[in-house]
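# Residue-level structural notes
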Amino acid sequence: MNLRETQALFWKAITWPTGVADFLAQADDATRQAFEATFDQTAAFGRAQRVEVYAEAYFWRLFEVALDQYGVTAWLAGKTGFHNLITDFVLACPSSTPDLRWFAAPLADFIRTHAAQRRLPGLADVAAIDWAINVAVDRADEPRLGLDALASLPAQQWPRARFALTQTASVLPCALPYSTLWTAHAQGAPVPDDLAAADPPHAVLVWRQADHDVYQRTLEPAEASAIAVLQEGGTFAALCDAAAGDTMQGAGPEVVVQWLRRWLTEDLLTAVVVD
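Residues numbered from 1 in each chain as written. Predicted model: local features only at pLDDT ≥ 70, side-chain atom pairs only at ≥ 80, totals over all residues. Heavy atoms only, no water.

When you line up the elements, Asp130 lands in helix α9 (residues 123-138). Nearest to the buried, unbridged Asp130 among oppositely charged side chains is Arg112, at 12 Å. Within polar-contact distance, the side chain of Asp130 engages the backbone nitrogen of Val72 at 3.4 Å. A polar atom in the side chain of Asp130 sits 2.7 Å from the side chain of Thr73. Setting aside chain neighbours within four positions, we find Asp130 in contact with Gln69, Tyr70, Gly71, Val72, Thr73 and Tyr178. (Helix = DSSP H or I, 4+ residues; strand = E, 2+ residues; numbered from the N terminus. Buried < 20%, exposed > 50% of the residue type's maximum accessible area, 1.4 Å probe, protein only. Lys, Arg positive; Asp, Glu negative; His and termini not counted. Salt bridge = Lys/Arg side-chain N within 4 Å of Asp/Glu carboxyl O. Polar contact = N/O pair within 3.5 Å; in protein donor to acceptor, adjacent residues only side chain to side chain. Contact = heavy atoms within 4.5 Å.)

And the structure:
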């Protein structure tokens, strides 16, 4: 066997979902012969056992990556629950990229049909936000607007002004109180006993500031509607309409200006253009 063939055999053996021994049991004669010719053994340590060491190490490396990327999810699921979840995930969604950072990208979608979601409704939403925080780190750098952007905008241009939202930002629904849970997890607190999914879910904003720190916070419905308009490229007038709501009894233009000031302070805006 050449190096490429040896690597292919090794990879197939260590990623076999049910272990190296089962891989050999289901392999054809040529594969078993190649395995015996490639890997050595002793009386006390068989070749299948040797390769199984690497298979176990491979799984635990994948597990550690998922644990690092999905901290709040793992905390909510519990040590055993998260281990079982990732075991099922690895079996159903084996790694398909040499960059381990992207291995667990589909985990939130996987959880939506998993027993873990039935045990704790809303867990998949938490996982989606955990992942959004990871993705925000990888977004390209952008210039950010300062507070002077508002002062330099003539009053007659405000209705037509469009403020661009940083591409690091995303707004996700969450049936569980993500921001509260994130703080409790960061402080090493136990998982609350009284968690219940909210209907409708909360909106959670995730973004990266210019200093590369990633933040998240829960949005009130009116601000969430306004940020949705930002994402769609709407004007300041459209922002005010969204904030006011269908009954026009919501937030007024002065509240929208307060939001703009906060968004600028939080490094959420990258440009302002006037039609």
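There is more to say after this.
Within helix α13 (residues 236-244) the residues assigned to the buried category are Phe236, Leu239, Cys240, Ala243 and Ala244. Down the axis of α13, the sector holding all buried residues measures 130°, keeping them to one side. Buried residues in α13 make contact with β1 (161-165), α12 (221-231) and α14 (253-265). (Arc of directions from axis to C-beta.)

On to the packing of aromatic side chains. Inspection of the entire model under this criterion finds 17 aromatic pairs. Taking 6.1 Å as the distance between ring centres and 40° as the angle between the ring planes, the aromatic pair formed by Phe10 and Phe39 counts as tilted. Of this pair, Phe10 sits in helix α1 (residues 3-14) while Phe39 sits in the loop between α3 (29-38) and α4 (47-69), and the two are 29 residues apart along the sequence. For Phe39, a relative accessible area of 16% puts it in the buried group. When the centroid spacing of 6.3 Å and the interplanar angle of 20° are considered together, the rings of Trp259 and Trp263 count as stacked. (Phe/Tyr/Trp six-rings, centres within 6.5 Å; stacked < 30°, edge-to-face > 60°.)

Turning our eyes to something else, we now look at the packing of α13 against α14. At their nearest, the axes of α13 and α14 sit 9 Å apart, and the two run at 115° to each other. The angle between α13 and α14 places the two elements in the roughly perpendicular class. The two elements α13 and α14 cross, and the hand of that crossing is right-handed. Only Pro253, Val256, Val257, Trp259, Leu260 and Trp263 of α14 make contact with α13, whose side of the interface consists of Phe236, Leu239, Cys240 and Ala243. Here the contact of α13 with α14 is composed, by residue class, of ten nonpolar, no polar and no charged. (Axes fitted to C-alpha atoms, helices over the stretch in contact; angles between N-to-C directions. Parallel < 35°, antiparallel > 145°, perpendicular 65-115°, else oblique. Left-handed = near helix turned anticlockwise from the far one by under 90°. Nonpolar A, V, L, I, M, F, W, Y, C, P; charged D, E, K, R; others polar.)

Our next topic: the pattern of salt bridges. A side chain of one charge can pair with a side chain of the opposite charge if their charged atoms are brought near each other. The tally for this structure, following the rule as stated, stands at twelve salt bridges. Its salt-bridge partner being Arg262, residue Glu266 comes within 2.9 Å of it at the nearest N-O pair. One network of salt bridges, in which partners are shared, links Arg217, Glu223, Arg262 and Glu266.

We now examine the pairing of strand β3 (residues 202-208). Where a strand is regular, its side chains alternate between the two sheet faces. With respect to burial, β3 is a largely interior element, six of its seven residues being buried. Across five bridges, strand β2 (residues 170-174) lies against β3 in antiparallel orientation. Each residue of the ladder has a partner; that of Pro173, found in β3, is Ala203. Two elements, β3 and strand β4 (residues 214-219), share six bridges in a ladder whose sense is antiparallel. Across the sheet, Arg208 pairs through a bridge with Val214, a residue of β4. (Pairing = 2+ DSSP bridges.)

Here the focus is the sheet that holds β2. Pairing in this open sheet of three strands is antiparallel, and the strands run β2-β3-β4 from one edge to the other. Each having just a single partner strand, β2 and β4 make up the two edges of the open sheet. In this sheet, neighbouring strand axes are inclined to one another by 25° on average, regardless of whether the strands run parallel or antiparallel. Lying over the sheet, helix α11 (residues 178-186) contacts β2, β3 and β4, oriented at roughly 135° with respect to β4.

All right, on to unusual backbone geometry then. The phi angle of most residues is negative, glycine excepted, and most peptide bonds adopt the trans form. Going from Asp199 to Pro200, the amide bond is cis rather than trans, its omega being 5°. With respect to the helices and strands, Pro200 occurs in the loop between α11 and β3. In this structure, His212 takes a positive phi of about 80° despite not being glycine. Counting through the fold element by element, His212 comes out in the loop between β3 and β4. Using a relative accessible area of 45% as the deciding quantity, one classes His212 as partly exposed. Of note, Asp267 is a non-glycine position whose phi angle comes to about 65°, a positive value. Along the chain, Asp267 falls in the loop between α14 and β5 (269-274). The exposure class assigned to Asp267 is buried, which follows from its relative accessible area of 17%.

A word on the packing of α1 against α3. Direction vectors running N to C along α1 and α3 enclose 105°, while the axes themselves pass 11 Å from each other. When the axes of α1 and α3 are compared, the pair comes out roughly perpendicular. Side by side, α1 and α3 meet where Thr6, Leu9 and Ala13 of the first sit next to Thr31, Ala34, Phe35 and Thr38 of the second.

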